[in-house]
Amino acid sequence: MPEAVAFQGVSDHSGLYKFSVNESDRFWGAVARQRLSWISPFHTVQNCDFSQGKIKWFEGGKLNVSVNCLDRHVQTCPERVALIWERDEPGTEVKITYRQLLELTCRLGNLLKRQGVRRGDCVTIYMPPCPLAMASMLACARIGAAHNVVFAGFSSEALADRIRDAQSSTVITVNQGVRGGKVVDLKRTVDQAVQNCPTVQQVLVAMRTENTVPMTDRDVPLEEEMMKEDVVCEPVAMDSEDVLFLLYTSGSTGKPKGLVHTQAGYLLYTSLTHRYVFNYHDGDVFGCVADIGWITGHSYIVYGPLCNGGTTVLFESTPVYPNPGRYWEMVERLGINQFYGAPTAIRLLLKYGDEWVQNYNRSSLKTLGSVGEPINTEAWEWYHRVVGDGRCPVVDTWWQTETGGICIAPRPADPEAEIVPGMAMHPFYGIKPALLDTEGEVLSSNDSTGALCISQAWPGMARTIHNHHQRFTETYFHPYPGFFFTGDGAHRSKEGYYQIIGRLDDVINVSGHRLGTAELEDVVNQCPGVAESAAIGYSHDIKGEGVYVFVVLKKAVMVEEDVLAQQLREMVSRSIAKYACPDFIQVVRCLPKTRSGKIMRRVLRKVVERNTDELGDLSTLDDPDSVHEVIRGHRRLL
Ligand code: WTA
C-alpha cells in the first residue's frame, strides 16, 4: 500500500483502489510527492482531455529522471548492485553498482554533449541488453535528449524507418552482439540502415566482442571516447511533460508508430507498479528477461526497478542456451526473487520436461510474472506448480506500449485473495477499466465481454504518436468517445475479474511481439509476382500466434509455392525481422472480399482455424466461390 496515501484514512486495498480512482488528483499528487525527487514542485496534478487526446501530468514540476534512478541511491547506498548483466555465457555475469552506473551514465552524457547532442534531440539506440545500452538511455535522460531504442532483432530497413521517423542525428550501437552462442553483426546492420538516413551524422560504437569491424569517419569508438570524459555530468532540469523516449510499435494500419512517453508520469507509474504488482522489496533481485528494445524492458528492467533503488537483471541470452535449464540455473546463481517472463517461453520450456527446472534451487523466488500475451491454463499451471513449487503467486500482467506500465494484474490485492489461472484480474491503482459493446454502450454488469477501454487518465499513458497526433486521437480516443481504447477484447467474470481475450484489430501477436497485418502485407505486395495478399494470425502451440499469408499472383505469373514462400520469407526478414516471417503461404485465385472491396479476414481466420462450419454471414461476399477455393487449398497445404 503506497505509504503516503495510507494516512488519508484508507487502509485496505479495495478502499485504496476506490480512493485512487475517485480522488485521482489526491492519490497521484501524494504518491508523486512521496516517490519522486523534484527540482521544483508541480502545480497541477493532471490536465487531461480524452476528446483531444490531451494528457498532461504534474505540470509546473521539474525533475531529472536519471537523478531519480541513480544519484539519490548513490547518496544512500552507492555500493548496492544496480544491475546484473547476465551475459550470454552462463557464469560470466557482471555486477554494476549504483555508483558505477552513475559514472558510466555521466561519462556517456558528457560524450553525447561533446558530439553535439542537445536537449530535445532524439538518439537512436540499437543495442542488445548490455550495461552501456542502459547507460545510454539514462545518459539521454540526464542531458535532456529523448531516446529511441530499436530492438536489435529488427532488420536494417526497419531500423532505417525508425531512425528517419525520429530524425536522429546520433545512433549508438555495438560492433557485434552475442546471443545463444552466435555472433550477430549489429554494426553492419546499422551501416546498411544509415545509408538511407540523411539525418545521421555519427554512430557511436561500443565493443561487445573483441572482433574489429570496419569503421568510417562517421563512427566514434564509444568506450575509448567516453573514458576521456569526466565522471560528473550536470543533470538538466526537465519539465514533467518533456519527452523521455519514443518507442515504435505496430498498429493495425500503416507503418509502426512512435509512441511518446514523457518524464514524471511515466517514471512514477513504472515505479509504483514495479513496487506493488511484484511486491518488490529493498534488497530483492528482480529478473525481467525481456529485451530492452520492448516496453517491458524499458519499464521493468530500467526505469521502474532503478527508480526504486532495486537490483535489476539484464538478460542477454535465450531461454534454451546452453540448455532449457538456463532460466532456473540463473535464478539459483543470481538469487532472483521476482522472475518476469513471457508465456511463449514458458510454453516452450514445459515441453522439455520438469527436470530442467527441478535440477536447480529456486527457493529465492517469491513472485512469478507473465506478460505479452494471454497465458493459457497449461502454461500457467506449470509455471505455478513446477517453477514456483506451488508457493509463489503467478501474476499475469496486462498492459501495452501505450499504457507505459501494468494496468491489470492479480496483485496488489489482499495477499490472501485467490489468483485465478490465466486471468489478469484486477485493475491497478488509478486504472478504471470499462467494457464496451459494438454499439459503444458500456457493459456495466459482470459476466460480460466487450472492447477493453480505460475511462480515465493515468500518469503512465503515452502522450502522442511522434509527429502524428491526429493518428493518436483517431486510434485511441475516437473509437469509443470519452474512453481510451486498448485494441484488446476482454471478459469480466461473474466475480468481476478481468480476462484478456486478445486483439480486436488487425494486430498479430507472435511470441509476444506485435505485428500489424498491414505492415506485413505491404512487404509481401512488393514481391514482383504478387498482386495482393492478406496476412492473418493463427493459433500456434508455442508462439501463441503464427503468421499465415494468402497471396494472389499477378496474371500469367507461374511460380512454385515453395519457391515463392522462400522468397517472401527472405523479404519479410529483410524488411521487418525474422519473427515476422510467415509459417504458411497459400496461393489463391482471389481473396474473399466484401462488395465494397474489403478483405474478409474474419473468414480467412475461420478457414485456417478449421472452423469452416462457422463461417458466419457470407451474404456480403462478392464471390462466394473464393471461400471454397481457399478451403480446398488450405487442406492441401496442411
Ligand atoms: C497483449 C507488451 C493478454 C495485448 C507489454 C496487448 C496481453 C499487447 C498481456 C501489447 C496479457 C500484453 N494477457 N494479452 N497479460 N500482456 N498482451 O505493446 O494484446 O508489446 O494489447 O506491450 O500484448 O503489446 P506491447
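Given the structure is predicted, the values throughout are model-derived calculations rather than measurements.

1. A closer look at the packing of aromatic side chains
Now for step 1: Under the criterion given, the structure shown has 40 aromatic pairs.
Now for step 2: Ring geometry for W28 and W57: centres 6.4 Å apart, planes at 80°, overall edge-to-face. Taken together, the residues span a long stretch of sequence, with W28 in helix α3 (residues 24-35) and W57 in strand β2 (residues 57-59) at a distance of 29 residues.
Now for step 3: Overall, W57 belongs to the buried group, its relative accessible area being 0%.
Now for step 4: Taking 6.1 Å as the distance between ring centres and 75° as the angle between the ring planes, the aromatic pair formed by Y280 and F286 counts as edge-to-face.

2. Let's talk about the UniProt feature "domain: Acetyl-coenzyme A synthetase N-terminal" (unreviewed entry) in the protein
Now for step 1: According to UniProt, the feature "domain: Acetyl-coenzyme A synthetase N-terminal" (unreviewed entry) maps to residues 16-69 in the numbering used here.
Now for step 2: Overall, residues 16-69 shows 44% helix and 15% strand. The separation of its end C-alpha atoms is 27 Å.

3. Examining the site of the ligand
Now for step 1: In the vicinity of the ligand there are 17 residues, among which D396, T401, D488, R503 and R514 approach most closely.
Now for step 2: In this structure, an oxygen atom belonging to the ligand sits 2.5 Å away from a side-chain N or O atom of T401.
Now for step 3: One nitrogen or oxygen atom from the side chain of R503 is found 2.7 Å from an oxygen atom belonging to the ligand.
Now for step 4: Elements supplying a minimum of two residues to the shell around the ligand: α11 (295-307), β20 (394-397) and β27 (498-503).
Now for step 5: In the shell around the ligand, the residues fall into six nonpolar, six polar and five charged.

4. Details of the pattern of salt bridges
Now for step 1: Counted under the stated rule, the structure contains 34 salt bridges.
Now for step 2: Between R326 and E86 there is a salt bridge, and its shortest N-O distance comes to 2.8 Å. In this pair, R326 is assigned in helix α12 (residues 326-334) and E86 in strand β4 (residues 81-86), connecting sequence segments 240 residues apart.
Now for step 3: According to the relative accessible area criterion, R326 is buried, its value standing at 1%.

5. Things to note about the environment of G616
Now for step 1: With respect to the secondary-structure elements, G616 resides in the loop between α19 (601-608) and α20 (625-637).
Now for step 2: Separated by 10 residues in the primary sequence, G616 and K606 place their C-alpha atoms 9.1 Å from one another.

6. So, the packing of helix α5 (residues 98-114) against helix α6 (residues 131-143)
Now for step 1: As a packed pair, α5 and α6 sit with axes 8 Å apart at the nearest point and diverge in direction by 60°. For the element pair α5 / α6, the angle class is oblique. In the packing of α5 onto α6, the handedness of the crossing is right-handed. Of α6, the residues touching α5 (which contributes L101, L102, L104, T105, C106, L108, G109, L112 and K113) are L132, A135, S136, L138, A139, C140, R142 and I143.
Now for step 2: In the contact of α5 with α6, the residues fall into 12 nonpolar, three polar and two charged.

7. Re the UniProt feature "domain: AMP-dependent synthetase/ligase" (unreviewed entry) in the protein
Now for step 1: As annotated by UniProt and renumbered to match this structure, "domain: AMP-dependent synthetase/ligase" (unreviewed entry) occupies residues 71-457.
Now for step 2: Secondary structure content for residues 71-457 is 31% helix and 23% strand, and the end C-alpha separation is 30 Å.

8. Details of the sheet that holds β4
Now for step 1: One open sheet holds the seven strands; their spatial order is β5-β4-β17-β16-β18-β19-β20, and the pairing between them is mixed. Two strands close off the open sheet at either side, each with one partner strand: β5 (94-97) and β20. Here the average twist between neighbouring strands, direction ignored, is 20°.
Now for step 2: In this sheet, β20 lies alongside strand β19 (residues 367-371) in parallel orientation, the contact comprising four bridges. Note on β20: the bridge partner recorded for V371 is T397.
Now for step 3: Against the sheet, helix α15 (residues 377-387) makes contact with β18 (338-341), β19 and β20, and its axis sits at roughly 160° relative to β19, the strand it touches most.

9. A closer look at α5
Now for step 1: With 17 residues, α5 should cover 24 Å at 1.5 Å per step; its first-to-last C-alpha distance of 24 Å lies within 8% of that length.
Now for step 2: If you check which residues of α5 are buried, you get Y98, L101, L102, T105, C106, R107, L108, G109, N110, L111 and L112.
Now for step 3: Looking at the residues trailing α5, positive phi occurs at G116, about 95°.

10. Re the packing of helix α4 (residues 65-76) against α6
Now for step 1: Across the interface, α4 lies against α6 with an axial gap of 7 Å and an inter-helix angle of 120°. By the angle between their directions, the pair α4 and α6 is classed as oblique. For the element pair α4 and α6, the recorded crossing hand is left-handed. Facing V65, S66, V67, C69, L70 and D71 of α4, the residues of α6 in contact are L138, A141 and R142.
Now for step 2: Residue classes in the contact of α4 with α6 are distributed as six nonpolar, one polar and two charged.

Cut-offs used in this document
- Counting starts from 1 at the beginning of each chain's written sequence and moves along it residue by residue.
- Per-residue local features are limited, in this predicted model, to residues with pLDDT of at least 70; the limit for side-chain atom pairs, both in listing and counting, is 80 or more; totals at the level of whole chains, interfaces and linings are taken over all residues.
- Each side-chain value is derived from all of the structure's non-hydrogen atoms; neither hydrogens nor water enter the calculation.
- Any pair of Phe, Tyr and Trp rings, taking the six-membered ring for Trp, is counted once the centres come within 6.5 Å. Such a pair is stacked with planes under 30 degrees apart, edge-to-face with planes over 60 apart, and tilted for the rest.
- Only runs of H or I of at least four residues qualify as helices and only runs of E of at least two qualify as strands under DSSP, and these elements are numbered from the N terminus.
- Each residue's exposure class comes from its accessible area (1.4 Å probe, protein chains only) as a fraction of the maximum for that residue type: buried when under 20%, exposed when over 50%, partly exposed otherwise.
- UniProt positions are given in the numbering used here, feature names are shortened, and annotations may be inferred rather than shown by experiment.
- Working definition: residue near molecule or strand if any one of its non-hydrogen atoms lies within 4 Å of it.
- Under the rule applied, a polar contact is a pair of N or O atoms within 3.5 Å (in protein, one hydrogen donor and one hydrogen acceptor; residues adjacent in sequence only if both atoms are side-chain atoms).
- When residues are sorted by character, Ala, Val, Leu, Ile, Met, Phe, Trp, Tyr, Cys and Pro go into the nonpolar class, Asp, Glu, Lys and Arg into the charged class, and all the rest, Gly among them, into the polar class.
- A carboxyl oxygen of Asp or Glu within 4 Å of a side-chain nitrogen of Lys or Arg is what we treat as a salt bridge.
- Geometry is summarised by axes, namely lines fitted to C-alpha atoms with helices restricted to the contacting stretch, and by angles between N-to-C directions that run from 0 to 180 degrees.
- Roughly parallel covers angles under 35 degrees, roughly antiparallel covers those over 145, roughly perpendicular covers 65 to 115, and oblique covers all other angles.
- With the far helix as reference, a near helix turned anticlockwise by less than a right angle produces a left-handed crossing, and one turned clockwise produces a right-handed crossing.
- Here a residue-residue contact requires only that any non-hydrogen atoms of the pair lie within 4.5 Å.
- Two strands pair if DSSP finds at least two bridges between them.
- Expected span of a helix: the number of residues minus one, times 1.5 Å.

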